[in-house]
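An overview of the molecular structure
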Amino acid sequence: MKVLMLNRRALAVLCLSLLAAPSWAQSTNAGDTPPPVSASAETAEAVPEQILVVAQKPGPGMWKVSKGEHVLWIFGTYSPLPTRMAWRSHEVEAVIGRSQEYLPPPSSKLEMSYFQTALALPSLIGVNRNPNDATLRDVLPPEVYARWLPLKEKYLPKNKEKDRPLFVAYELFGAAMKQAGLMTGNDVRKQVEKMVAQKKLKVTPTLYQLKVDNPRQLVQEFKKSPLEDVACFSYTLKQLETDIEAMRVRAHAWATGDIEVIRRLDFSEQESCSNAIRNSAVLREHPAFQGAEEKHRAMWLANAEAALARNASTFAVLPMKDLLDPKGLMAALAAKGYTVAQPE
């Protein structure tokens, strides 16, 4: 997703499409933006308005998962990155060239018929609004609202303050990244998948489908229910107040393959926005979403193990945070007896 100010309908659809996506599998929401690194942080006002990188960058090395002579190579993606960054990795091209199969990042979608979708669409109107016509001033703690006002003036002066904090956080972060010359898009993944298509690799997706019998009712209940999204909103403000320059540092580290900088990142806070949706009472009580994270995780691991068993070389892409999490997918493969080697 390129950093653009998402319109309200796009945000509503995004909200539905990511309702139960496991935290480790999400890569297109505000919760996936990098966390603060206070040592190199500066105020938002001190950051240049544009960051352009036009030289080719190699990107990071790859994780190597092996058992005997069979190898799974995993490339870690990262965001935000500089707008118009020219990226090319001869190492990635070489691995794709000798691989037999590609595993894209996990994804999830709501399983609905065309008729169900048509019925649900009108109910999306207003899904971004606070219940009972409340404004940000009404739902935010006074100190958080006071921090929002200068950032609103800088990035979203036309915002009417009637949307839920979660949706405003999406818009605010997107506008700030665009102004700073950064993007949270998947352009690197698109380039990788272009190479995959050219080499005609077999593609095995990990797609978790959630069956919802009455999506219209689900949307209506979601619209009426409160969200615990103040933490998400406050975290987004914190990023834009102190962390834009640090984002540039981390983007450069990824682009030049400086894995040591990436390893030092703390991803503990970044789940606040995705958790605001997943932990809502409406979704916690819906049978389609119960146990979704464990099932999604098991699907990817099964696909990875099957690919390792049948191929001499398999290539995969995962968000960087999924590779570094001590309880993540790489740790799970290591626990199953596979040899896991991180890049130098």
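So, here's what we can say about the structure. If you're wondering where the values come from, they're calculated on a predicted model, not measured in any experiment. (Residues numbered from 1 in each chain as written. Predicted model: local features only at pLDDT ≥ 70, side-chain atom pairs only at ≥ 80, totals over all residues. Heavy atoms only, no water.)

Once that is clear, we can look at the packing of helix α5 (residues 142-155) against helix α9 (residues 230-242). Here α5 crosses α9 at 55°, and the two axes come no closer than 10 Å. In terms of axis orientation, α5 runs oblique to α9. Here the hand of the crossing between α5 and α9 comes out left-handed. Counted together, V144, R147, W148, L151 and Y155 of α5 and F233, S234, L237, K238, L240 and E241 of α9 form the full contact between these two elements. Residue classes in the contact of α5 with α9 are distributed as 7 nonpolar, 1 polar and 3 charged. (Axes fitted to C-alpha atoms, helices over the stretch in contact; angles between N-to-C directions. Helix = DSSP H or I, 4+ residues; strand = E, 2+ residues; numbered from the N terminus. Parallel < 35°, antiparallel > 145°, perpendicular 65-115°, else oblique. Left-handed = near helix turned anticlockwise from the far one by under 90°. Contact = heavy atoms within 4.5 Å. Nonpolar A, V, L, I, M, F, W, Y, C, P; charged D, E, K, R; others polar.)

Secondary-structure assignment places F315 in strand β9 (residues 313-319). It is 9.7 Å that separates the C-alpha atoms of F315 and V203, two residues lying 112 residues apart in sequence. The residues contacting F315, other than those within four sequence positions of it, are M62, W73, F75, V92, V95, I96, S99, E101, Y102, L103, V192 and V196.

A word on unusual backbone geometry. Residue S79 is joined to P80 through a cis peptide bond whose omega torsion reads 5°. For P80, the position within the fold is in the loop between β2 (70-77) and β3 (81-82). You will see that E161, though not glycine, has its phi angle at about 65°, which is positive. Among the secondary structure elements, E161 is positioned in the loop between α5 and α6 (165-180). Even without being a glycine, K200 presents a positive backbone phi close to 60°. By secondary structure assignment, the location of K200 is in the loop between α7 (187-199) and β7 (202-203).

Right, let's get into the pattern of salt bridges. Side-chain pairs of opposite charge can arise where the charged atoms are in close proximity. Enumeration over the complete set of coordinates arrives at 9 salt bridges. Across the pair D243 and R250 runs a salt bridge, and its minimum N-O distance is 2.9 Å. Just as D243 is buried, R250 falls in that class too. Of the charged contacts, one joins K321 and D322 as a salt bridge, the two residues approaching to 3.6 Å between their closest N and O atoms. Across the pair, D322 and K321 agree in class, each one buried. (Salt bridge = Lys/Arg side-chain N within 4 Å of Asp/Glu carboxyl O. Buried < 20%, exposed > 50% of the residue type's maximum accessible area, 1.4 Å probe, protein only.)

Any two aromatic rings considered together are summarised by their centre-to-centre distance and by the angle between their planes. The full count for this structure, using the stated rule, is 3 aromatic pairs. Summarising the aromatic geometry, the rings of Y102 and F315 are spaced 5.9 Å apart at their centres and angled 25° between planes, so their arrangement reads as stacked. A residue pair is termed long-range when its members are at least 10 positions apart, and Y102 in strand β4 (residues 101-103) and F315 in strand β9 qualify at 213 residues. If you follow K67 out to its NZ or CZ, it ends over the ring of Y338, 5.1 Å from the centre. (Phe/Tyr/Trp six-rings, centres within 6.5 Å; stacked < 30°, edge-to-face > 60°. Lys NZ or Arg CZ within 6 Å of the ring centre and 35° of its normal.)

As a further point, take the nonpolar core. Judged by nonpolar contacts, the single largest core of 47 residues is most densely connected at L72, I74, F75, W254, W300, F315 and M330. Apart from residues no more than four positions distant in its own chain, I74 is found in contact with M62, W63, V65, W300, A316, L318, L323 and M330. (Core = buried A, V, L, I, M, F, W, Y, C linked by side-chain atoms within 4.5 Å.)

The end-to-end C-alpha separation of α7 is 19 Å, in line with the 18 Å expected for 13 residues at 1.5 Å each. Burial in α7 covers these residues: V188, V192, M195 and V196. End-on view of α7: buried residues confined to an arc of 100°, all on one side of the axis. In α7, the exposed positions that point more than 90 degrees away from the buried face belong to K194, A197 and Q198. Looking one or two places after α7, you find K200, whose phi comes out positive at around 60°. (Expected span 1.5 Å × (residues − 1). Arc of directions from axis to C-beta.)

Positionally, N159 belongs in the loop between α5 and α6. A distance of 2.7 Å separates a polar atom in the side chain of N159 from the backbone nitrogen of E161. (Polar contact = N/O pair within 3.5 Å; in protein donor to acceptor, adjacent residues only side chain to side chain.)

Attention now goes to the pairing of β2. Across the 8 residues that make up β2, a large majority, 7, are buried. Two elements, strand β1 (residues 63-67) and β2, share 5 bridges in a ladder whose sense is antiparallel. Note on β2: the bridge partner recorded for K67 is H70. Between the antiparallel neighbours β1 and β2 lie 2 residues, among them G68 with a positive phi of about 65°. (Pairing = 2+ DSSP bridges.)

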